[in-house]
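Chain by chain, the residues:
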Amino acid sequence: MPPGRQIRIIHTSDTHLGDDWDPDSAQRALAAVVDGVHDLRGDALLIAGDVFDNARISDAVLEFFVNEIARAAVPTVILPGNHDLYDATSLYHRSPFSGAPDNLHIISGTRGQTLTFPHLALEVWGRAMDSHTPAFRPLAGIPVQRNSHWRVAMAHGHFHYPDDTEERSSPIRPHEIADASCDYIALGHWERFEDVSQDGVTAFYSGSPMGAATERGSVAVNVVDLDPASPLRVSVSQVELPMSGASPIGLAIAADN
Ligand SMILES: [Mn+2]
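For every chain, the first residue of the written sequence is number 1, and numbering continues from 1 onward in sequence order. Totals for whole chains, interfaces and linings use all residues, but because this is a predicted model, local features are given only for residues with pLDDT of at least 70 and pairs of side-chain atoms are given and counted only at 80 or more. Excluding hydrogens and water, the side-chain figures rest on all heavy atoms present in the structure.

K.L.:
Explanation requested: the sheet that holds strand β5 (residues 113-117) in the structure shown.
P.N.:
Adjacent strands of a sheet pair through backbone hydrogen bonds, lying either parallel or antiparallel. For two strands to be treated as a pair, DSSP must find at least two bridges joining them. For helices the rule is a DSSP run of H or I covering at least 4 residues; for strands it is a run of E covering at least 2, with both sets numbered from the N terminus onward. Across the sheet, 6 strands lie side by side as β5-β6-β7-β10-β12-β11; this open sheet has mixed pairing. This sheet does not close on itself; its edge strands, each paired only once, are β5 and β11 (194-195). Strand direction decides the pairing type here: strand β10 (residues 184-188) and strand β12 (residues 203-205), joined by 3 bridges, are parallel. Each bridged residue has a counterpart across the sheet, and for A186 the counterpart in β12 is F204.

So, in structure tokens, the structure goes:
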């Protein structure tokens, strides 16, 4: 049964909050993404890993993040990546998350976890990273069976083009994308926007908000429209937003699968 309603997802990754090199810009970029959720009328926000830069960051940075997600006011799903691993000493166990707003959802299942948002007819599946090694397979274990909900997968790792024979940590192979039973794969780990769709399964890196933008002072996000009435069903555009948080300044790239 096809999903019953049209939804719009805003996808970003690699926000690296608490980055020692430029902490202020990372925070302003996240705030611009949150403004973008409102301006673009997103129904949900996905941040596909490396939300935080390292485990030594202060509680003030975590509190800033939690407050921004409260301001986003839509279901927000974050997937731990290699800079913000979900392990015994993870920053996600720290106190600012115990008072987190209801709309913040952290994927914590290191063998895979599905979150369901019935009002959006949406399931989000992801596998929290607990170690960044060649043995960690970000897409391993995605359920095969579908129901009447949209299914979006989140994965943080390195996509291997067929000619890329290097052994890398957290690998994602083309066949794993092609075989994934889902409508969209929200990828993280690369700084740049990239379409790595395979055999009709739509999969994109968003890039980091600043790394994917073409202009200084802008951020870029992926806008993912899931529409049961459209022959495409899934369409993805990259949209640039000013850091100031004003209206979107244009559509940089549109890609459909
Ligand atoms: Mn990463």
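K.L.:
Explain the coordination of the manganese ion to me, please; I cannot follow it from the model alone.
P.N.:
When a metal holds four donors in a tetrahedron, each ideal angle between them is 109.5 degrees; when it holds six in an octahedron, the ideal angles are 90 or 180 degrees. Protein coordination at the manganese ion: the donors are D50 (OD), N82 (OD1), H156 (NE2) and H189 (ND1), at 2.1 to 2.2 Å from the metal. Only nitrogen, oxygen and sulfur atoms qualify as donors, and only when within 2.8 Å of the metal (3.2 Å in the case of Na, K and Ca); with water excluded, sites may look incomplete. Sequence positions of the donors to the manganese ion reduce to the motif D-x31-N-x73-H-x32-H. Of this pair, D50 sits in the loop between β2 (44-47) and α2 (59-72) while N82 sits in the loop between β3 (76-78) and β4 (104-106), and the two are 32 residues apart along the sequence. Note on accessibility: D50 and N82 belong to one class, buried. Burial status follows relative accessibility: with a 1.4 Å probe on protein chains alone, a residue under 20% of its type maximum counts as buried, one over 50% as exposed, and anything between as partly exposed.

K.L.:
What exactly am I supposed to notice about the layout of surface pockets here?
P.N.:
The computed volume of the largest pocket comes to approximately 410 Å³. Cavities and pockets were defined on a 1 Å grid built from protein atoms only: a cavity is a group of points that admits a 1.4 Å probe but offers it no way out, a pocket is an open group of points flanked by protein on both sides within 12 Å along at least five of seven lines, and a lining residue is one with an atom within 4 Å of any such point. If you trace the largest pocket, you find 21 residues lining it, with W21, D22, S25, M210 and G211 closest to the centre. Polarity classes work like this: nonpolar for Ala, Val, Leu, Ile, Met, Phe, Trp, Tyr, Cys and Pro, charged for Asp, Glu, Lys and Arg, and polar for all others, with Gly in that last group. When grouped by side-chain class, the residues that make up the lining of the largest pocket number 6 nonpolar, 7 polar and 8 charged. Grid points are joined across faces, edges and corners, and a volume is the space filled by probe spheres set on the points.

On their own, these measurements won't tell you what the molecule is for.
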